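Listed below are the residues making up each chain.
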Amino acid sequence: MDKEKSIVDTNSTPEENTPPSTTQTKVVPRKEFWMFGIAACGQGMIYAVMSSHVSDFYINVLKTPLLFVLLLMLLARVWDAINDPLMGMIIDRVNPKKGKMLPYIIRAAFPAGVLTVLMFSDFGLDPVPTMVIVALIYVVWGMVYTIGDVPFWSIPNVITPHPGERASVISFGRTLNGIGTAVPIALFALLGIILPKLYPGQDISRQKYFTIAIVSSAIGVSLYILSYFSVKERVRAPERRTRMPGEPSTLMRIIKCKPLMIVITMGVLAGGRYLMQAAATHVARYAFYIGPDIATLADDAARTAAVEGSISSVSTIFNICSATGMFGAMLFMPYLYKRFNYKQIIIVTSIAGFFAGLLTLGIGLLNIILGWSWATFLCIPFIIIQCIPLGALNVTSYAMIGDSLDYMEWKTGFRDTALGSACQGFVNKLGNAVATSFIVVVYIIIHIDPAQIYSKSAVVFATDLELSQRIAMFSLVSIIPGISTLLCIIPVLLYDIVGKKKDQITAELAARRAALKT
């Protein structure tokens, strides 16, 4: 019985169409390579506005009830995560004329940008209508974003048939995507300095978030759509046929692909790493204070400026450290891949991140308990090390997905590219959902309700809270992410698509693809 196999696009040039070998390992032109990375940068801007700031906007700016935010973050994001495999199945079954991936990107980019701006808009309504609109925009944003996200990160699996080149495309794309996520963070710090001078004594949070959303969406969408015009799909699957009796379904092929299940489990267990960015602003509000002596602040205008300055300073410290560790790791991944396998990289970086998290917690307590502000700055090198696993996991997990799809094709003759790649999107969004929901759970457990706090006082310093509350908040960016990355090592120990086995799979797939052309 003939099985459905992936092929190299017959419309490509002979050079692009050459199967993998020891002499031919690159088919992606440098310009196309860069354009994919630039598009990934734009996508990162759009996503980071939501992932890094939406929980703080809903809780501390709109002051929606904590239980509402918890349910929204958890249920809507879980539904959003489920959408990824569904979108992957649609992509694998449909064959648009201009490629399986690219048409979805151009259709999703502009609506995603508009919805991002609406997500950070305060419509000035009563609480119930506000919650209805917030929920509607949040859910629709997730679905629209998925329509573009799944095919976009499936592109590395169809842009080249070569595992080494695919890893380079993924590494470069994820690195520039990470740089894109830094844009909203940089704007947050910059506006934290500028807006208090333009609006002295006023709460500038609304203007800050709305401006970040507009700028990031406009630039992000402009860069994101470049992929549609500049990227070529080279590895294509033939037209799908009716599944024969006894053959596994698409879903069962995914479930029975052991390496893919290992990567998915790894990603779920490492979901706490998202707290490093998602919780940074919350920690800046309620764990640390860096600024002038509170006793010397005579009026609310001075106190407001001091609080906003502290929030901007602390969040900037955490975000710069996070970006340094993450981007640094991403930049070095191509070099590390030449000397170490994916399994070794994940294990070593995750262990280092865990111990760095312990040290971050211990040093940070000197600020919280003893009031030593300078201790915050001593945390910097350890936060950077703690964030190295973020970069390693963000890049390497996608590369491991590609190798897992090779394994699936090698074992079954089928290659469900989009659905397999969508599993990574599922893991990312599920992990982000759990991390963001956990932030709200911590608010509830330690009895911090911004709506009540700000009804009693116009200005709230972190030092006004109890020590237990501040320590709990700080744990969100110290020990908890470290424990999460340490746990992800457990399934990785079983991953075996490395060394000679990986070389065997690559060589045999190359021979099969070459045979299909003759």
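Criteria and cut-off values
- Residues numbered from 1 in each chain as written.
- Predicted model: local features only at pLDDT ≥ 70, side-chain atom pairs only at ≥ 80, totals over all residues.
- Heavy atoms only, no water.
- Salt bridge = Lys/Arg side-chain N within 4 Å of Asp/Glu carboxyl O.
- Helix = DSSP H or I, 4+ residues; strand = E, 2+ residues; numbered from the N terminus.
- Buried < 20%, exposed > 50% of the residue type's maximum accessible area, 1.4 Å probe, protein only.
- Patch = residues over 30% accessible without salt bridge, like charges linked within 9 Å, V, L, I, M, F, W, Y side chains within 5 Å.
- Areas by Shrake-Rupley, 256 points an atom, 1.4 Å probe, with all protein chains shown as cover.
- Expected span 1.5 Å × (residues − 1).
- Core = buried A, V, L, I, M, F, W, Y, C linked by side-chain atoms within 4.5 Å.
- Contact = heavy atoms within 4.5 Å.
- pLDDT = per-residue confidence, 0-100.
- Arc of directions from axis to C-beta.
- Phe/Tyr/Trp six-rings, centres within 6.5 Å; stacked < 30°, edge-to-face > 60°.
- Lys NZ or Arg CZ within 6 Å of the ring centre and 35° of its normal.
- Polar contact = N/O pair within 3.5 Å; in protein donor to acceptor, adjacent residues only side chain to side chain.

A word on the pattern of salt bridges. Taken as a whole and judged by the stated rule, the model has six salt bridges. Residue Asp 406 is joined to Arg 166 by a salt bridge in which the shortest nitrogen-to-oxygen separation is 2.8 Å. Of this pair, Asp 406 sits in helix 18 (residues 388–412) while Arg 166 sits in helix 7 (residues 163–198), placing them 240 residues apart in sequence. By relative accessible area, which is 4% here, Asp 406 ends up buried. In this structure, Asp 496 engages Lys 501 in a salt bridge whose closest nitrogen and oxygen atoms are separated by 3.0 Å. Judged by relative accessible area, which is 25%, Lys 501 ranks as partly exposed. Residues participating in the shared-partner salt-bridge network are Arg 166, Asp 403, Asp 406 and Lys 502.

So, on to unusual backbone geometry. A positive phi is found at Lys 63, a non-glycine position, where the angle reads about 55 degrees. Mapped onto the fold, Lys 63 is located in the loop between helix 2 (30–61) and helix 3 (66–93). Accessibility expressed as a relative area gives 26% for Lys 63, which makes it partly exposed. A positive phi angle is found at His 447, which is not glycine, with a value near 60 degrees. Locating His 447 in the fold gives a position in the loop between helix 19 (417–445) and helix 20 (450–456). By relative accessible area, which is 68% here, His 447 ends up exposed.

A cluster of nonpolar residues, Ile 369, Leu 370, Trp 372, Trp 374, Phe 377, Leu 378 and Leu 467, forms a patch on the protein surface that exposes about 690 Å² of accessible area. For the nonpolar patch, the secondary structure elements donating two or more residues are helix 15 (342–370) and helix 16 (374–378). Broken down by element, the nonpolar patch gets its largest block of residues, three residues, from helix 16. Assignment of secondary structure puts Trp 374 in helix 16.

Turning next to helix 11 (residues 258–269). Helix length check: helix 11 (twelve residues) gives 17 Å between terminal C-alpha atoms against 16 Å at 1.5 Å per residue, within 8%. Residues of helix 11 that are buried include every one of Pro 259, Leu 260, Ile 262, Val 263, Ile 264, Met 266 and Gly 267, and no others.

Core analysis: the largest hydrophobic core is formed by 150 residues, its most contacted members being Tyr 58, Met 119, Tyr 138, Phe 152, Ile 155, Phe 318 and Phe 474. If we skip the residues at most four places from it in the chain, Tyr 58 touches Lys 63, Thr 64, Val 69, Leu 72, Met 73, Met 119, Val 134 and Tyr 138.

The next subject is the confidence of the model for the chain. Fine structural detail should not be taken from predicted coordinates in areas where pLDDT scores are low. Chain-level statistics for the chain give a pLDDT mean of 84 and a share of 90% at 70 or above. Mean pLDDT values over the elements of the chain span from 38, in helix 1 (residues 14–17), up to 96, in helix 23 (residues 489–492). Note on residues 1–24: pLDDT is under 50 here. Beyond four places in sequence and across chains, it has 62 contacts.

All right, on to helix 8 (residues 205–224) then. Because each turn of an α-helix spans 3.6 residues, side chains separated by three or four positions end up pointing in the same direction. Taking 1.5 Å per residue as the helical rise, helix 8 with its 20 residues ought to reach 28 Å, and the 27 Å between its terminal C-alpha atoms agrees with that figure. Within helix 8, burial applies to Ser 205, Lys 208, Tyr 209, Ile 212, Ala 213, Ser 216, Ser 217, Gly 220, Val 221 and Tyr 224. Projected down its long axis, helix 8 carries its buried residues within an arc of 155 degrees, all on one side.

Counted under the stated rule, the structure contains 25 aromatic pairs. Summarising the aromatic geometry, the rings of Trp 141 and Tyr 145 are spaced 4.9 Å apart at their centres and angled 10 degrees between planes, so their arrangement reads as stacked. Taken together, the positions of Trp 141 and Tyr 145, both in helix 5 (residues 127–152) and four residues apart, correspond to about one turn of that helix. This pair shows no difference in class: Trp 141 is buried, exactly as Tyr 145 is. An angle of 90 degrees between the planes, with centres 5.0 Å apart, marks the rings of Phe 152 and Trp 153 as edge-to-face. One exposure class covers both Phe 152 and Trp 153, and it is buried. Three or more aromatic residues link up through ring pairs in this structure, and these residues are Phe 57, Tyr 58, Phe 120, Tyr 138, Phe 188 and Tyr 209. Here the guanidinium or amino end of Arg 174 rests over the ring plane of Trp 153, the centre of that ring lying 4.5 Å away. Just above the ring of Phe 188 sits the side chain of Lys 208; from NZ or CZ to the centre is 4.0 Å.

This part takes up the environment of Val 49. Within the secondary structure, Val 49 is located in helix 2. Look at Val 49 and you get buried, because its relative accessible area is 1%. Distance in space between the C-alpha atoms of Val 49 and Met 119 is 9.7 Å, their sequence separation being 70 residues.

Counting through the fold element by element, Ser 404 comes out in helix 18. Accessibility expressed as a relative area gives 0% for Ser 404, which makes it buried. From its side chain, Ser 404 meets the backbone oxygen of Met 400 in a polar contact 2.8 Å long. Setting aside residues no more than four positions away along its own chain, Ser 404 makes contact with Cys 257, Pro 259, Leu 260, Val 263 and Tyr 495.

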